[in-house]
4 protein chains.
Amino acid sequence: MIKAGIIGATGYAGGELVRLLLGHKDVEIKWYGSRSYIDKKYSDVYQNMFQIVDDRCMDDNMEELAGQVDVIFTATPQGFCAGLVTEEILSKVKIIDLSADFRIKDVDIYEEWYKIEHKSPEFIGEAVYGLCEINREQVRGARLIANPGCYPTCSTLSVYPLLKEGLIDPNTIIIDAKSGTSGAGRGAKVDNLYCEVNENIKAYGVASHRHTPEIEEQLGYAAGQEIRLNFTPHLVPMNRGILITAYASLKREVSYEEVKAVYDKYYEKEQFVRVLEKDVCPQTKWVEGSNYVDVNFKIDPRTKRIIMMGAMDNLVKGAAGQAVQNMNLIFGLPENEGLMQVPMFP
Amino acid sequence: MIKAGIIGATGYAGGELVRLLLGHKDVEIKWYGSRSYIDKKYSDVYQNMFQIVDDRCMDDNMEELAGQVDVIFTATPQGFCAGLVTEEILSKVKIIDLSADFRIKDVDIYEEWYKIEHKSPEFIGEAVYGLCEINREQVRGARLIANPGCYPTCSTLSVYPLLKEGLIDPNTIIIDAKSGTSGAGRGAKVDNLYCEVNENIKAYGVASHRHTPEIEEQLGYAAGQEIRLNFTPHLVPMNRGILITAYASLKREVSYEEVKAVYDKYYEKEQFVRVLEKDVCPQTKWVEGSNYVDVNFKIDPRTKRIIMMGAMDNLVKGAAGQAVQNMNLIFGLPENEGLMQVPMFP
Amino acid sequence: MIKAGIIGATGYAGGELVRLLLGHKDVEIKWYGSRSYIDKKYSDVYQNMFQIVDDRCMDDNMEELAGQVDVIFTATPQGFCAGLVTEEILSKVKIIDLSADFRIKDVDIYEEWYKIEHKSPEFIGEAVYGLCEINREQVRGARLIANPGCYPTCSTLSVYPLLKEGLIDPNTIIIDAKSGTSGAGRGAKVDNLYCEVNENIKAYGVASHRHTPEIEEQLGYAAGQEIRLNFTPHLVPMNRGILITAYASLKREVSYEEVKAVYDKYYEKEQFVRVLEKDVCPQTKWVEGSNYVDVNFKIDPRTKRIIMMGAMDNLVKGAAGQAVQNMNLIFGLPENEGLMQVPMFP
Amino acid sequence: MIKAGIIGATGYAGGELVRLLLGHKDVEIKWYGSRSYIDKKYSDVYQNMFQIVDDRCMDDNMEELAGQVDVIFTATPQGFCAGLVTEEILSKVKIIDLSADFRIKDVDIYEEWYKIEHKSPEFIGEAVYGLCEINREQVRGARLIANPGCYPTCSTLSVYPLLKEGLIDPNTIIIDAKSGTSGAGRGAKVDNLYCEVNENIKAYGVASHRHTPEIEEQLGYAAGQEIRLNFTPHLVPMNRGILITAYASLKREVSYEEVKAVYDKYYEKEQFVRVLEKDVCPQTKWVEGSNYVDVNFKIDPRTKRIIMMGAMDNLVKGAAGQAVQNMNLIFGLPENEGLMQVPMFP
């Protein structure tokens, strides 16, 4: 039985982690950390957990926790994990960090986009970017996982094969992303009130969203060169789900079959990436509550561009589900253990 | 391994049954019946099932099916199951009927409210009303289950203990119910279009909804007398969930503790009925995707009435989940097998 | 040209008042009061007003304002208006108070339900309860209007005729109400976040909501006796709209025609109350953005009860629209001036 | 008083036209045409119109109508208007066609994208594309208006100034559009059911949507050259609103001020196009129910691209409102007559 501690258990990603780990037969949650709700019953914070998790929330103490569990999930704001992780802690426990602290290899880029000083740059090199479909082998041996951001997960998986196979021009990538509101967190802000979000859609963080350098770095590995791209997220009136619509110029004429074969090459054996059938556009509702990413594409011969699409649940594959997937790999469990939820529809 | 066939697998309740049975370790679905989508891939009807269920839909043939499976679920319109069930079929297979055909013992009442002739009244007596919390023992031995309606399940469980213990006046019951739109089914009707339902709420079937006699019959058993009550359903802009708010006059002065003790007496050992803590009102979101019913109450000393509340997922405890619960009891499995989903929030 | 000042212009009701008054040909808004956004451009608080209202928000100074305008609307929290109103102010300006401060004639009841001391009980007697359809004549001569609460407006108008005509038993009234989320205001609270409200419904304030005594007082006048009733509001995932479903026992057998005639007697000449046709249930979407209240009823001969229904836009007839209607009466304008908006659908 | 007839009055665009014309002081609606609801009361089709429009729906007879009114609005499926318009009709009455029949000058392109034969190509040359901000003068003298499509209106207005001024490369334009569900019409289709659209987002018509050639033609005029661009619409769970996010490569380095000056040059005097302040992203909710288009832009120096954004109400500026604006111009009325609705928020 793997003993797990969650720091930041009362945010939406933390809550989803609890939901998934409760259904995982090899894991026992030992610690519900929450700075905001110390000593409060977890089920008072999330009433869906009534009679399921009646433990009390604990202070966010990583050092104390390190001695008691096998794995710590940090579902915390930027800077938290980097501020506390030490060699001693890492020698005792695996850390899966759901924040951005260890996702970006170039500390200057991190500090520029996140506007905070990185407190433990010495671990950036060791941290493994936990996009399992791409970095599976490194994940298995990792002590510290940088769990990918929601937008970067969906964007990278949708675009990666074509870039890796050299079918698209790396300088022409535009990613237009749409997300449900749970991505904005559970903080009490006017902008996230029901009446402000409902019946509304807007772009935000245009040309400045922090997930941009993360996507650029990952896609840069695929392209074998530095990439600058446009990434524009939008807030959509729904709880869960991310849809990305990506555009790039094709380097040469391609057929549907050729492109399909490329996606299949990378994803045919992947359980959580589904390449949809011809002309079927991904929909976020079809993956709700599950760890799937649905991808597809459409060639536009008129403009010599290709449109790549991906849909996933931002709280599952975009956060908690991927964290569990990483945990499974690290501990040598079947990669899909606890992640076999069939998407819920409607 | 229990072999299951689903007739009406492409409605919303049928789809939910598929989702639940896929996660049930002792069941194998052998037949996806659908009058509307014969020969179509199931995952073309419900794209969330892509690469999960790629079987083709079959004609709704109960006789053929009876020889091939251990249990048949009929998630079909009223009249279908009653029109096909025979002694021969029942001698081969268990039937769990999600329609209203066998819920009402008095065939005249059925025919009056449903405006159709009952085609097999001879089986009404044998059919067990599958509200497991109340009829558990009869369910175990049943061949034919009348799976309760969504509103009746939530209404009955919320009101039953107080009526059974004689705390409320059976002639004063008013049930005001609110349901998500999946309860209206997947038929293409203008009234159920997004733009007609969204940002809107209305009552429907006022003083005439077909679930009325079903609730009256079940609560009548608890009261030990015939009951006439008001039941008013409302359509709410959400996919899933039923909330019922029921009112009744108290027969005498009662304390919170006394009423709480009554609810606990009936539900303390029930896994799927959660009696919430004092002053916590049930919310449909807290039970989404799960088989739970959350109930609570509030005494109003000013009016000498009590307000009883219940929330559940109409497609799970109100349809498919309860059907699985019935199946578990019939086949001697743990009652919660395949039904341990933690509610999904948000 | 009537000069108007709004105190509390940046709440949802205040914003709606601005929208309506901008379309009113005889009114000029001179003062956008807002404690929270002093000196901020109004259109920065409500971007829909960009290039329409670029005035800056002012401090909430009622005394200063009294000398500059003809009418003050206070769309403020309970206690604000009562804390500032004076004889001197009332001698200069008409006040239409959208809070509860002057709605309840018995100051003890006010203080008990609102848990605050009333600072100017001497004006309670003078204040006119501004439900125009019922108190039209008194409104015309008023200096101080207690603009009715949203739930009380819809509840009273739906039930009033039957009570006044003695058709229903005043001791049996139960009002089950459903409201959109704008009724909860624009304050930043976790409970009102998009992800908490969306796909969810709950009751709140059960047997304790502050609008209860207001409804009881108004219906008490109709009945000619004190009334105790049950009032249960619910939060619905939509921005606007209130639906009430009210139940009462009929004192004697009545026909549809007889009850219809009673409603017509009271509302046939009322522009803003629409008695719908037989069997048509009111829907909140049909009155969105307008000052209409749609009412209807259904007799249940089985239970000898009648179900009364009403739908309106909580921000218009339930707040700002009714305030404008009151203003029109006070200043001798046509009652519907500025209130002829056709409901927006979808 | 202008006498107006509406053919197709019972679709969503037709309904919005009714709402707007009812508030227009110089117009009287004489004909509510509806193929589907002949002889039915209009208010039975749209209950929001109860006691407002109780006229009966008429057959869609353009010839009969031409003799009775001054202007005919056709809010009908493609092919309808082209199939009926004649010189005789046009000599009697102005026609404002909300369908695509006369929007595209090249009949081959029309027939290729719409897959129908054009029945009256002889009027294509005469028809004026009614995007008032750009073609104001031609509109004034027109007999036949091709009222622009919803997506083309928002896309063209957002991109036009930069293309006209030569700041962006016409070969690099990508338009990612998001629309509320009213754009899909009131037809009863499973895809548009509440439960299918709610909590969901998807792209549709990828690289094949019929509005593509219309946008290309209009932007081609601005660029002074043929254009091929990518246009991808998405279905968003909301009733109303279109947001477009457009991308293009800048031809040279530009400053915020320079681009702002370009937008102001074209729109400063336009009442219905609002160029938002720096860094404020358009939101559909801020224009709901109004004829405004809110536009803004963001320069991304990293990629040398510019992101152009536009938001409007698809049923108003994207359909009925623009039709009224065209009518005002044709009949010499103030352009904003009947179109001064303040956007409704929330």
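Rules behind the numbers
- Residues numbered from 1 in each chain as written.
- Chains lettered and ligands numbered in written order.
- Predicted model: local features only at pLDDT ≥ 70, side-chain atom pairs only at ≥ 80, totals over all residues.
- Heavy atoms only, no water.
- Pairing = 2+ DSSP bridges.
- Helix = DSSP H or I, 4+ residues; strand = E, 2+ residues; numbered from the N terminus.
- Contact = heavy atoms within 4.5 Å.
- Axes fitted to C-alpha atoms, helices over the stretch in contact; angles between N-to-C directions.
- Least-squares fit on C-alpha atoms with pLDDT ≥ 70 in both.
- Buried area = accessible area lost by both parts, 1.4 Å probe.
- Salt bridge = Lys/Arg side-chain N within 4 Å of Asp/Glu carboxyl O.
- Polar contact = N/O pair within 3.5 Å; in protein donor to acceptor, adjacent residues only side chain to side chain.
- UniProt positions renumbered as here; feature names shortened; annotations may be inferred.
- Domains from an automatic or database assignment.
- Nonpolar A, V, L, I, M, F, W, Y, C, P; charged D, E, K, R; others polar.
- Buried < 20%, exposed > 50% of the residue type's maximum accessible area, 1.4 Å probe, protein only.
- Core = buried A, V, L, I, M, F, W, Y, C linked by side-chain atoms within 4.5 Å.
- Parallel < 35°, antiparallel > 145°, perpendicular 65-115°, else oblique.
- Left-handed = near helix turned anticlockwise from the far one by under 90°.

Chemist: Please explain the sheet that holds strand β2 (residues 27-33) of chain A as it appears in this structure.
Modeler: Picture the strands of a sheet paired through backbone hydrogen bonds; they go either parallel or antiparallel. All names here are of chain A. Here we have 6 strands laid out as an open sheet, ordered β2-β1-β3-β4-β6-β5, and parallel in their pairing. Strands at the two margins of the open sheet, each flanked by one partner only, are β2 and β5 (128-129). The sheet strands contacting helix α1 (residues 12-22) are β1 (2-7), β2 and β3 (71-74), and the helix crosses β2 at an angle near 160 degrees.

Chemist: How should I be thinking about the relation of the copies chain B and chain C in this particular structure?
Modeler: Turning one copy of the chain about an axis and sliding it along that axis gives the other copy, so a rotation and a shift relate them. At an RMSD of 0.0 Å, chain B and chain C line up after a rotation of 180 degrees and a shift of 0.0 Å along the axis. Given the turn and translation reported, the copies of this chain are related as if by a two-fold rotation axis. The rotation axis passes nearest to the C-alpha of B:Pro237 in chain B, at a distance of 3.3 Å. A shared binding surface is used by both copies, with 100% of the interface residues of chain B retained as interface residues in chain C.

Chemist: Please explain the relation of the copies chain D and chain A as it appears in this structure.
Modeler: Once chain D is rotated about the relating axis by 180 degrees and shifted along it by 0.0 Å, it coincides with chain A to within an RMSD of 0.0 Å. Comparing interface residues between copies, 98% of those in chain D also lie at the interface in chain A; the contact surface is shared.

Chemist: Looking at this structure, I do not really get the interface of chain D and chain A. What am I missing?
Modeler: A common measure of how large an interface is: the accessible area buried when the components associate. Each side of the interface is counted separately: chain D has 49 residues, and chain A has 48 residues. Summed over both partners, the interface of chain D with chain A comes to about 4100 Å²; 56% of that surface belongs to carbon and sulfur atoms. The largest contributions to the chain D side of the interface with chain A come from D:Glu199, D:Ile201 and D:Arg302, which together make up 17% of the buried area. Counting across the chain D and chain A interface gives 4 salt bridges. Notably, a salt bridge pairs D:Glu216 with A:Arg302, separated by 2.4 Å at the nearest N-O pair. Taken together, chain D and chain A are joined by 30 residue pairs in polar contact (both at pLDDT 80 or more).

Chemist: Quick question: what am I supposed to make of the UniProt feature "active site" (unreviewed entry) in chain A here?
Modeler: Residues and elements named next belong to chain A. Feature annotation in UniProt places "active site" (unreviewed entry) on Cys-150, given in this structure's numbering. Of note, Cys-150 is situated in helix α8 (residues 150-164). If sequence neighbours within four positions are ignored, Cys-150 has contacts with His-211, Ile-242, Met-312, Asn-314 and Gly-318.

Chemist: So what exactly am I meant to see when it comes to the UniProt feature "domain: Semialdehyde dehydrogenase NAD-binding" (unreviewed entry) in chain A here?
Modeler: Under the present numbering, the feature "domain: Semialdehyde dehydrogenase NAD-binding" (unreviewed entry) in UniProt falls on residues 3-142 of chain A. Overall, residues 3-142 of chain A shows 34% helix and 16% strand. The separation of its end C-alpha atoms is 17 Å.

Chemist: Even after reading the chapter, I still don't get the domain arrangement of chain A, so can you show me in this structure?
Modeler: Residue and element names in this part refer to chain A. Assigned domains within chain A: domain 1 (2-126) and domain 2 (151-314). The C-alpha-based centres of domain 1 and domain 2 are spaced at 27 Å. Viewed at the interface, domain 2 and domain 1 are joined by 2 salt bridges. Where domain 1 touches domain 2, the interface holds 7 residue pairs in polar contact (both at pLDDT 80 or more). The set of elements that each furnish at least two residues to the side of domain 1 that touches domain 2 consists of α1 and α6 (107-114). Looking at the side of domain 1 that touches domain 2 residue by residue, the classes come out as 7 nonpolar, 2 polar and 4 charged.

Chemist: Help me understand the pairing of strand β13 (residues 305-312) of chain D in this model?
Modeler: If a strand is regular, its side chains alternate between the two faces of the sheet. Residues and elements named next belong to chain D. Counting buried residues along β13, 8 of its 8 residues qualify, which places the element largely inside the surrounding structure. Where strand β10 (residues 242-249) meets β13, 8 bridges bridge the pair, whose relative direction is antiparallel. Along β13, the bridge assignment pairs Ser-249 with Arg-305. Pairing analysis gives 8 bridges linking strand β12 (residues 293-300) to β13, with the strands arranged antiparallel.

Chemist: Explain the side chain of D:Asn147 here, please?
Modeler: All names here are of chain D. Of note, Asn-147 is situated in the loop between β6 (144-146) and α8 (150-164). Polar contacts involving the side chain of Asn-147 include one to the main-chain amide nitrogen of Ala-323, which spans 3.4 Å. Engagement of the side chain of Asn-147 in a polar contact is seen with the side chain of Asn-326, the distance being 3.0 Å.

Chemist: Which parts of the structure should I look at to understand the pattern of salt bridges?
Modeler: Opposite charge on two side chains permits pairing when their charged atoms draw close. Under the counting rule described, the total for this entry stands at 111 salt bridges over all chains. Its salt-bridge partner being C:Lys41, residue D:Glu277 comes within 2.8 Å of it at the nearest N-O pair. Separated into two different chains, D:Glu277 in the loop between β11 (273-275) and β12 and C:Lys41 in the loop between β2 (27-33) and α2 (42-45) make up a pair that spans both. Of the residues examined, C:Lys41 reaches a relative accessible area of 12% and is grouped as buried. With a shortest N-O distance of 2.7 Å, D:Asp294 and D:Arg274 are connected by a salt bridge. Here D:Asp294 is found in strand β12, whereas its partner D:Arg274 is found in strand β11, with 20 residues between them in sequence. The residues D:Asp294 and D:Arg274 share a single accessibility class, namely buried. Three or more residues joined by partner-sharing salt bridges are found here, namely A:Glu16, A:Arg19, A:Arg240 and A:Asp313.

Chemist: Which parts of the structure should I look at to understand the nonpolar core?
Modeler: Grouped burial of nonpolar side chains is what soluble globular proteins tend to show. Ranked by size, the top nonpolar core spans 102 residues in total, and within it A:Leu21, A:Phe73, C:Leu21 and C:Phe73 carry the most contacts. For C:Phe73, the residues in contact, after removing those within four places along its chain, are C:Ala4, C:Gly5, C:Ile6, C:Ile7, C:Leu17, C:Leu21, C:Ile96, C:Leu98, C:Ala323, C:Val324 and C:Met327.

Chemist: Help me understand the packing of α1(A) against helix α12 (residues 316-330) of chain A, please; the structure alone is not making it clear to me.
Modeler: Helix packing for two helices is described by the angle between their axes and how far apart those axes are. All names here are of chain A. Between α1 and α12, whose axes approach to 9 Å, the crossing angle comes to 45 degrees. Put simply, α1 runs oblique to α12. Where α1 crosses over α12, the two elements pack in a sense that is right-handed. Note on element contacts: α12 touches α1 through Val-316, Ala-319, Ala-320, Gly-321, Ala-323, Val-324 and Met-327, opposite Ala-13, Glu-16, Leu-17, Arg-19, Leu-20 and Leu-21. Its residues placed into classes, the contact of α1 with α12 shows 10 nonpolar, 1 polar and 2 charged.

Chemist: Help me understand the interface of chain B and chain C in this model?
Modeler: Each side of the interface is counted separately: chain B has 48 residues, and chain C has 48 residues. Together chain B and chain C conceal approximately 4100 Å² of surface at their shared face, both sides included; 56% is due to carbon and sulfur atoms. Counting the surface chain B buries against chain C, the share from its top three residues, B:Glu199, B:Ile201 and B:Arg302, is 17%. The tally of links between chain B and chain C comes to 4 salt bridges. Listed by contribution, the elements that provide at least two residues to the side of chain B that touches chain C are β7 (174-179), α9 (194-197), β8 (202-203), α10 (211-223), β9 (230-235), β10 (242-249), β12 (293-300) and β13 (305-312) of chain B. Of all the elements, β7(B) adds the most residues to the side of chain B that touches chain C, at 4 residues. Residue composition of the side of chain B that touches chain C, grouped by class: 21 nonpolar, 13 polar and 14 charged.

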